[in-house]
There are 6 protein chains.
Amino acid sequence: MGDHYLHKSVTDTAKRIKLLEIQGARNVAIAAIQAIEEASKESKAKTKTTFIKELSEAKNVLFNSRETEPLMRNSIRYIIYNVESSPSQSTEELASEVSRVSGMFIQKLEMTKEKIAEIGSKRIFHHARVLTHCHSSTVTNMLRKAKLEEKTFEVVCTESRPVFQGRLTAKEMLDFGIKTTMIVDSAVRNFMNDIDLVVVGADAITSEGNIVNKIGTSMVALAAKEARTPFYVVSELLKFDPETVQGGYERIEERSQKEVWPDYPPGLIIRNPAFDVTRREFIHGIICEEGIISPHSISELMHRKYPLIFESAQF
Amino acid sequence: MGDHYLHKSVTDTAKRIKLLEIQGARNVAIAAIQAIEEASKESKAKTKTTFIKELSEAKNVLFNSRETEPLMRNSIRYIIYNVESSPSQSTEELASEVSRVSGMFIQKLEMTKEKIAEIGSKRIFHHARVLTHCHSSTVTNMLRKAKLEEKTFEVVCTESRPVFQGRLTAKEMLDFGIKTTMIVDSAVRNFMNDIDLVVVGADAITSEGNIVNKIGTSMVALAAKEARTPFYVVSELLKFDPETVQGGYERIEERSQKEVWPDYPPGLIIRNPAFDVTRREFIHGIICEEGIISPHSISELMHRKYPLIFESAQF
Amino acid sequence: MGDHYLHKSVTDTAKRIKLLEIQGARNVAIAAIQAIEEASKESKAKTKTTFIKELSEAKNVLFNSRETEPLMRNSIRYIIYNVESSPSQSTEELASEVSRVSGMFIQKLEMTKEKIAEIGSKRIFHHARVLTHCHSSTVTNMLRKAKLEEKTFEVVCTESRPVFQGRLTAKEMLDFGIKTTMIVDSAVRNFMNDIDLVVVGADAITSEGNIVNKIGTSMVALAAKEARTPFYVVSELLKFDPETVQGGYERIEERSQKEVWPDYPPGLIIRNPAFDVTRREFIHGIICEEGIISPHSISELMHRKYPLIFESAQF
Amino acid sequence: MGDHYLHKSVTDTAKRIKLLEIQGARNVAIAAIQAIEEASKESKAKTKTTFIKELSEAKNVLFNSRETEPLMRNSIRYIIYNVESSPSQSTEELASEVSRVSGMFIQKLEMTKEKIAEIGSKRIFHHARVLTHCHSSTVTNMLRKAKLEEKTFEVVCTESRPVFQGRLTAKEMLDFGIKTTMIVDSAVRNFMNDIDLVVVGADAITSEGNIVNKIGTSMVALAAKEARTPFYVVSELLKFDPETVQGGYERIEERSQKEVWPDYPPGLIIRNPAFDVTRREFIHGIICEEGIISPHSISELMHRKYPLIFESAQF
Amino acid sequence: MGDHYLHKSVTDTAKRIKLLEIQGARNVAIAAIQAIEEASKESKAKTKTTFIKELSEAKNVLFNSRETEPLMRNSIRYIIYNVESSPSQSTEELASEVSRVSGMFIQKLEMTKEKIAEIGSKRIFHHARVLTHCHSSTVTNMLRKAKLEEKTFEVVCTESRPVFQGRLTAKEMLDFGIKTTMIVDSAVRNFMNDIDLVVVGADAITSEGNIVNKIGTSMVALAAKEARTPFYVVSELLKFDPETVQGGYERIEERSQKEVWPDYPPGLIIRNPAFDVTRREFIHGIICEEGIISPHSISELMHRKYPLIFESAQF
Amino acid sequence: MGDHYLHKSVTDTAKRIKLLEIQGARNVAIAAIQAIEEASKESKAKTKTTFIKELSEAKNVLFNSRETEPLMRNSIRYIIYNVESSPSQSTEELASEVSRVSGMFIQKLEMTKEKIAEIGSKRIFHHARVLTHCHSSTVTNMLRKAKLEEKTFEVVCTESRPVFQGRLTAKEMLDFGIKTTMIVDSAVRNFMNDIDLVVVGADAITSEGNIVNKIGTSMVALAAKEARTPFYVVSELLKFDPETVQGGYERIEERSQKEVWPDYPPGLIIRNPAFDVTRREFIHGIICEEGIISPHSISELMHRKYPLIFESAQF
């Protein structure tokens, strides 16, 4: 199958995701949904079969833009699943079905974010010292909510090498008027005894209840467990990766050596995995749109709440 | 007491230590010894009392150049102790006693380093994957020795934020012809299951058997313990800090915020401790000039081997 | 809204709960249900709206009688939910609906207790040494059942400071003819190696799968885990607190200082929390009316078994 | 009730199971199903009541052939449940219902095995060193699948005293062309640091999420946890034992002393339990026909997938 | 041998110790020394042999006044050892040797206490929250020293059932002007995350490096370890029990049931051990007159510092 | 240097050690000492130099008979050290010095064994359930002593694959009249909760305080730690291996594949290490001739008690 079926919005978006011009699980998902929607609006397909073939190609291109990105993948699977299940054969009607589902999905993502902030902010008690690692908009939105509720608390950010996303978190915190401290990543254990609560985001949730997040997260979790400090993951349920149900390992992107050492000496091997895996036994709870849950029952929760995800992952 | 007793070599050396122009526990100790020696050679003191007063002032200035630096402090204490115990009253004879003891001490440091390399290199078995953190000349000398013995092994270095001393380690390893990999500090746990042995240096050893080393060492140790990977400390015994016997906490130097983030935003607090403490239960053994020992018996070993240190620490 | 809507049975019951004249999650729940029933029987409300307003005020008063008491709260929520969902508009019919649901609920509580005793008593094997903390009628009923089945076993009770509820447990055990030993709370670890099984009750179960129970329970659990002794919680599922799903912390009642030291010296602070939290990883299983379950899946179980609880908690 | 209702195929099969002429959870289940089917085909019962009485007796005899064998028990319960629920009163029709359900069940077991192999083989990455204990056809089938996919990996087998089932595993592995190493059972910890993955089978799964498997499995799990080595259980969901939901302990068969020491000296006690229990916190995941799951939610999964099992266990 | 050799001061003191009229390891030791001294002053013995026989009987009587009390026992052993080693044969000279050694010993105990306070108070940093269990004059003296040094810190005391010695500690702390909080024993884990440092006394130190202290100490230590809170023991080295070197278990006194429940119901067994054992791996350091040491090397330290103790324990 | 210097008693003994005709650390040491003694008695050497050369060759041959055998090695080193230090030049006198030292050494070994039995038997309390692994004559002698003291206790033995030395232990226990149970090695964890005390022997003790003993010992230790069961090592101090001080790994003998599976299939790799390493943190104490000690201070104890060992290991 050639790429003549592919709309420019899809190829452009995929390229921008690859180059990290679009970043963050939520932003990537929204951009991909919008690309799909635009492409289907302007589709010239005559039959439902062709229409779906186009969608399917778009899906492949977008999926290939990142090693793994469950939120984006679940979004696209969901849209396509709805089109396929639609009784209609008219491509026009199918295109407007894509628009409807896309809009609904993006709105749902927004509501989810607010719901999570509402639930999670209740965990931020007065005078709490909260540590976070890297940058997660779901986390910072939740902390912002707590601040808006006039809670007094402080945040400790790691710098998050190699790309220093912790600086983004620190700036946001300062902008929200929250007392903020930054430390290097390897100082986490040194400060852990004075931390009341750790909150981190997630890039993916596996069927075993583990989470995939920025490299270093699992070391923060280990230090938290050692000091009996609660460790919470703040995440949309749709970051659940249905491929892990089928035995697939969550793939970990390995990024450029130059991120670590721009002018590294010849002969030196640099390993730069972007993420690591934090196992469920380190996680006190996942703060999600369904409330605060034990990660151990994530698969059953997904079957109850989003059963489609399991079916649509079979494509 | 004025500083007119102070020789320029002492004040200069103290300043260079403060500015980090002289670095590494061993280099600092040697420079301080040499300053003391030079000062005493050119002393104009007429009486033993004055001579010792001068030494004592030099000691204070040099001690104040770093928060804590047991190897340097033990060296100077040892020299002064010898002068005080000397039956001689002639300042000329006392100066040459300083020279004799200084020379002996520096030679001893050299022999110790080689002895440690000889012992420690036996722990580097064929095909071992060795992880180290930060830069320690005692560690790199030991790895060099193992390489010279034609062992095939590889080394994984952390970058060691904020000052990237891991890059120095990596370069030395490559120079020795050792296969070398670099990772960011927070990736240690991610690679730990594939590591056979961790070796790190030490800045100080406490009476409880804990070690003080570059920030992040205790997180490496925690990840090693979790994965049942042996964790060894390579250190001269004279890094034992006799002040900790008397209840004193090992003081942890807190360094400039700009090391972490040169243009940090106003309002942000940056905490930048240079060292952390790794407790004895994480340490399989200390590889020292006396062989491989359990850190739990360090105080008794020091009493057997260097009893003077306990007396001279009372000054 | 004034309290002129409030029936005396409600205000009286609330007062007696506050003064601990009514104690124990089950007794509190039953008294509250009966107060509601009596109030609605004698309601003078003319419209469904008024009738529900009265119920709602009664709910508030009863809820405020204790910091948290999920079994009572779930009971009342359940009754009100049924009234609201009723198609009827007649206040007479609604009052008899309250009676019907109340009766059913109380009967269900009784059946649940027997079901739990039947299931849990199977865990009490011959010659078992069982430790329990504080007093729980669900636990003692289960042990009584095991004794009635002619099992030979013995029970170790903690005294359960500050109010010595362990003495009540000890007396009940002796009355049942069970060999019984009492120890002070802090001796639990000393005896743990000789214990085969720990069973405790619960005041609340959180959405993460943790349980809230009498202060000291989490230390018993810690000592049990250290010695690899099974630790079971015996509880009705309706002690699940739906407010924790929404992020709320389980509130821990802090009781009078005089309970700890009647004539404490001026200036002394006494902290007297009545409960503590035992996290799910310490709990081998919850013995409930659904069988023996892992606490990690409690939320999914509640969604399957009592979905109404989640909806009615939104009020 | 006498055994005159019993068909020879049932008593013969039960005897062969008892004598271990039929072994392995799957083989035992299939043999029992076939015996039931044959017996019902040749039944001379005139009424549905008598027909069911015969089935019920056959069930008792087959259940008694092993202490516990959930897969076989669940199979028989399932068949009988279907017969009982059938609207038909004709014994002929009922017999053909038995045939239909039996065939479907056996076919399902086969499909399940292949599904598990497909999922689990994805966990066997290139150059993995996989340790297994005892012999499980579900495990060896999964490893065979991975080998057929041309993955390069090696297997370490324990010998599995006292009956040396590890030798069977080793032979199968060699037949599949897999590099294989054998060690004695007590050497597991010695080799664990070089193992990437442990996979074992299961004889039963309890409602708490624990698994029952060949004696020694829980020690392998303990050594795996200590070295942070992933530990997976490979099992059909129908090994879930619904009796454990109701509080029953999984019964552990104790086998002949002569298996351990054929000519043991008089006076010596030999304890020879065939199985042990591995608790859920040691298990990274159960690889089953539903995918890879956390054992903590097994009860909810069974309620979703095989609700009949809970009802039929009440018989 | 009859008790006609026994002086009244010895029998009286032994009785008062037994009745707890004299309490605390230090007070008991001093009273016993003084009794011995008085007895030997008024001895009517004519020969060294008789004199020593008298001392030996006094020793037996005093030793039997408590199950175990190493400080007292070591004191008496030390005095007798000196008498036996004395070249003198004159009973008058021996009596004055007893006086001399006794005086020296008591003076030494006083100096030790001050030395320990000096060392230990350095561990009490500004704003520290220090938890202690039961009452130890060595601990309270150390905290008093820290307060005299104008440090700001606060103390959390357990009540220490069954005899409430924590109340004594609380009163002393308040008298010293230290902010003080009291909790029940079983609430320790609940507050541990907010504690910076635990300090407890010791009744005995074993050759393995374990300590024996008031019942509940080992549970405090367990909760401290779980939360990574430093746990220090404050003790004179002469609480080392040389009998444990020879394999003897440290005997744990079991006290009256009425201490636990004055009017306990008939048939109830009450177990009331006065002490428990805290193993060395829970202890960060022993703060003693020699400084802060690892408990693991206690035997070697005693051989270096008090070699006589090993010889004199052979009597 | 040829082997014409070698006496037949030496080569014969070395051969019998190699073929396991002489077994057990103590028996091997005694045989080697006797061979050396016989050889030196019949030496034809004319000069001290030649005499020592002969001894040295004998040493090499005996050392090579086993991978490592510290007790034997320390014995021979000790004898040679004495000869070398002897002022005498007469080979006759030197030969009688060898006899004297040998006799003394063997006598000392015997006394040590009895001393250990005396100390260790105090740890066997009434009704204790003691587990041991493999066979150690030091352990069985200690248990025999406890039995002779009329203590009632029972012993659980592992079978100790692959050579079943546990059967020897079981027979000895039965002969002593001790109640004895045997289990397979992998069942240890299954029974650990009912064990009060584990005691094992040692083949070597390292400078870090670890012990080397029969394969499986470290798994027993792990299971003991998990269940908080005390784990003691019973060993002569002269099993300390001074080569480990100098960094050498304790070499682990790998024995014949046929021990594991006599007729193993072609292509199968069998790994059969005879020993494993149990780290000091698993060991409650070493029961040795010096009493019960913490393994962490073993090096300092050896320096105090057997300083010669460190010097003589330099040869």
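Residues numbered from 1 in each chain as written. Chains lettered and ligands numbered in written order. Predicted model: local features only at pLDDT ≥ 70, side-chain atom pairs only at ≥ 80, totals over all residues. Heavy atoms only, no water.

Structural notes on the state of the cysteines
Residues and elements named next belong to chain F. Using the criterion set out here, one finds zero disulfides over all chains in the structure. Looking at Cys 157, it has no disulfide partner, and the nearest cysteine sulfur is the one in Cys 134, 11 Å off. The class of Cys 157 is buried, set by a relative accessible area of 0%. (Disulfide = S-S within 2.5 Å. Buried < 20%, exposed > 50% of the residue type's maximum accessible area, 1.4 Å probe, protein only.)

So, the sheet that holds strand S8 (residues 269–270) of chain B
Reading across the sheet, the eight strands line up as S11(A)-S10(A)-S7(A)-S4(A)-S1(A)-S2(A)-S3(A)-S8(B) and stay open at both edges, with mixed pairing between neighbours. The outermost strands of the open sheet, each flanked by one partner alone, are strand S11 (291–293) of chain A together with S8 of chain B. Looking at chain direction, strand S2 (residues 153–158) of chain A and strand S3 (residues 179–183) of chain A are connected through five bridges and run parallel. Pairing of Val 156 of chain A across the sheet is with Thr 181 of chain A, part of S3 of chain A. Seen against the sheet, helix H6 (residues 137–148) of chain A touches strand S1 (128–132), S2, strand S4 (197–200), strand S7 (231–234) and strand S10 (285–288) of chain A and runs at an angle of roughly 160° to S2 of chain A. With respect to the sheet, helix H9 (residues 217–226) of chain A is in contact with S1, S4 and S7 of chain A, its orientation differing from that of S7 of chain A by roughly 145°. (Pairing = 2+ DSSP bridges. Helix = DSSP H or I, 4+ residues; strand = E, 2+ residues; numbered from the N terminus. Contact = heavy atoms within 4.5 Å. Axes fitted to C-alpha atoms, helices over the stretch in contact; angles between N-to-C directions.)

Description of the interface of chain A and chain B
Counting from both sides, the interface comprises 44 residues of chain A and, opposite them, 44 residues of chain B. At the boundary of chain A with chain B, total buried surface from both sides reaches about 3700 Å², with 69% on carbon and sulfur atoms. Our enumeration of links across chain A and chain B arrives at two salt bridges. Between Arg 161 of chain A and Glu 159 of chain B there is a salt bridge whose closest N-O contact spans 2.5 Å. (Buried area = accessible area lost by both parts, 1.4 Å probe. Salt bridge = Lys/Arg side-chain N within 4 Å of Asp/Glu carboxyl O.)

With respect to the interface of chain E and chain B
Accessible area lost upon the coming together of the parts serves often as the stated size of an interface. At the interface, 21 residues of chain E touch 14 residues of chain B. Around 1500 Å² of area is buried between chain E and chain B when both sides are counted, 42% of it from carbon and sulfur atoms. Where chain E meets chain B, there are two salt bridges. Here Arg 123 of chain E and Glu 208 of chain B are joined by a salt bridge, their closest N and O atoms 3.1 Å apart. Taken together, the links from chain E to chain B amount to 15 residue pairs in polar contact (both at pLDDT 80 or more). Elements that contribute at least two residues to the side of chain E that touches chain B include exactly helix H5 (91–121), strand S11 (291–293) and helix H11 (298–305) of chain E. (Polar contact = N/O pair within 3.5 Å; in protein donor to acceptor, adjacent residues only side chain to side chain.)

Quick look at the packing of aromatic side chains
Aromatic ring pairs are defined here through the distance separating the ring centres and the angle between the ring planes. Throughout the structure, instances matching the rule amount to 18 aromatic pairs over all chains. An angle of 55° between the planes, with centres 5.7 Å apart, marks the rings of Phe 240 of chain B and Phe 310 of chain B as tilted. Of this pair, Phe 240 of chain B sits in the loop between strand S7 (231–234) and helix H10 (242–245) while Phe 310 of chain B sits in helix H12 (residues 308–312); the two residues are 70 residues apart in sequence, bridging distant segments of the chain. For the pair shown, Phe 240 of chain B and Phe 310 of chain B are each scored as buried. A cation over a ring is seen here: Arg 167 of chain A above Phe 164 of chain A, with NZ or CZ 3.8 Å from the ring centre. A cation over an aromatic ring shows up here: Arg 144 of chain B above the ring of Phe 176 of chain B, its NZ or CZ 6.0 Å from the ring centre. (Phe/Tyr/Trp six-rings, centres within 6.5 Å; stacked < 30°, edge-to-face > 60°. Lys NZ or Arg CZ within 6 Å of the ring centre and 35° of its normal.)

Re helix H3 (residues 48–63) of chain B
All names here are of chain B. For H3, with 16 residues, the first-to-last C-alpha span of 22 Å sits near the 22 Å given by 1.5 Å per residue. Of the positions making up H3, those classed as buried are Lys 48, Phe 51, Ile 52, Glu 54, Leu 55, Glu 57, Ala 58, Lys 59, Leu 62 and Phe 63. In this fold, the buried residues of H3 make contact with helix H1 (8–18), helix H2 (25–41), helix H4 (70–85) and helix H5 (91–121). (Expected span 1.5 Å × (residues − 1).)

As for the sheet that holds strand S3 (residues 179–183) of chain D
Overall, mixed pairing links the eight strands, which are arranged S11(D)-S10(D)-S7(D)-S4(D)-S1(D)-S2(D)-S3(D)-S8(F) in an open sheet. Looking at strand neighbours, the two that pair on one side only are strand S11 (291–293) of chain D together with strand S8 (269–270) of chain F, the edges of this open sheet. Helix H6 (residues 137–148) of chain D contacts strand S1 (128–132), strand S2 (153–158), strand S4 (197–200), strand S7 (231–234) and strand S10 (285–288) of chain D of the sheet and is inclined by roughly 160° relative to S2 of chain D.

Digging into empty space enclosed by the protein
All names here are of chain A. For the structure shown, the criterion picks out 16 cavities of 30 Å³ or more. Reported here for the largest cavity is a volume of approximately 80 Å³. The wall of the largest cavity is formed by Arg 66, Glu 67, Thr 68, Glu 69, Pro 70, Asp 203, Ala 204, Val 212, Glu 250, Arg 251, Glu 253 and Phe 275. In the lining of the largest cavity, the residues fall into four nonpolar, one polar and seven charged. (1 Å grid on protein atoms, 1.4 Å probe; cavity = no way out; pocket = protein on both sides within 12 Å on 5 of 7 lines; lining within 4 Å. Points joined across faces, edges and corners; volume = space filled by probe spheres on them. Nonpolar A, V, L, I, M, F, W, Y, C, P; charged D, E, K, R; others polar.)

Remarks on unusual backbone geometry
Cis rather than trans, the peptide bond between Arg 161 of chain B and Pro 162 of chain B has omega equal to 0°. Within the chain, Leu 20 of chain C stands out as a residue other than glycine whose phi angle is a positive 60°. Residue placement: Leu 20 of chain C occurs in the loop between helix H1 (8–18) and helix H2 (25–41). With phi around 70°, His 127 of chain C is a residue other than glycine that occupies positive phi space. With respect to the element layout, His 127 of chain C can be found in the loop between helix H5 (91–121) and strand S1 (129–132).

A few points about the relation of the copies chain E and chain B
Expressed as a screw transformation, the operator carrying chain E onto chain B has a rotation angle of 120° and an axial translation of 0.1 Å, and the superposed copies differ by an RMSD of 0.1 Å. One copy is carried onto the other by what is essentially a three-fold rotation axis. Minimal C-alpha separation from the rotation axis in chain E is found for Ser 297 of chain E, amounting to 3.1 Å. Of the residues that chain E buries at the interface, just 19% are likewise interface residues in chain B, meaning the two copies contact each other through different surfaces. (Least-squares fit on C-alpha atoms with pLDDT ≥ 70 in both.)

Description of the environment of Arg 251 of chain F
All names here are of chain F. With respect to the helices and strands, the residue Arg 251 is situated in the loop between helix H10 (242–245) and S8. Owing to a relative accessible area of 37%, Arg 251 belongs among the partly exposed residues under this scheme. Taking the C-alpha atoms as reference, Arg 251 lies 21 Å from His 296; in sequence the two are 45 residues apart. For Arg 251, the side chain forms a polar contact with the main-chain oxygen of Glu 67, separated by 3.3 Å.

Quick word on helix H11 (residues 298–305) of chain F
In terms of burial, H11 of chain F is a largely internal element, six of the eight residues being buried. Within H11 of chain F, burial applies to Ile 298, Ser 299, Glu 300, Leu 301, Met 302 and His 303 of chain F.

Digging into the relation of the copies chain A and chain B
You can overlay chain A on chain B at an RMSD of 0.1 Å; the transform is a turn of 180° with a shift of 0.0 Å along its axis. In short, the pair behaves as if placed about a two-fold rotation axis. Distance from the rotation axis, computed per C-alpha, reaches its smallest value in chain A at Ser 186 of chain A: 3.1 Å. A share of 100% of the interface residues of chain A reappears at the interface of chain B, consistent with the copies meeting face to face through the same patch.

Some points on the arrangement of the chains
Contact between chain B and chain C is absent, and the least distance between their C-alpha atoms amounts to 17 Å. Contact between chain A and chain F is absent, and the least distance between their C-alpha atoms amounts to 17 Å.

Structural notes on the packing of helix H1 (residues 8–18) of chain A against helix H3 (residues 48–63) of chain A
For any two helices packed against each other, one specifies the inter-axial angle together with the distance between the axes. Residue and element names in this part refer to chain A. The contact between H1 and H3 brings their axes to 9 Å, and the two run at 15°. In terms of their interaxial angle, H1 and H3 are classed as roughly parallel. Note on packing geometry: the crossing formed by H1 with H3 is right-handed. Contacts from Val 10, Thr 13, Ala 14 and Ile 17 in H1 reach Ala 58, Val 61 and Leu 62 in H3. Here the contact of H1 with H3 is built from residues that sort into six nonpolar, one polar and no charged. (Parallel < 35°, antiparallel > 145°, perpendicular 65-115°, else oblique. Left-handed = near helix turned anticlockwise from the far one by under 90°.)

Coordinates in, geometry out; function isn't part of it.
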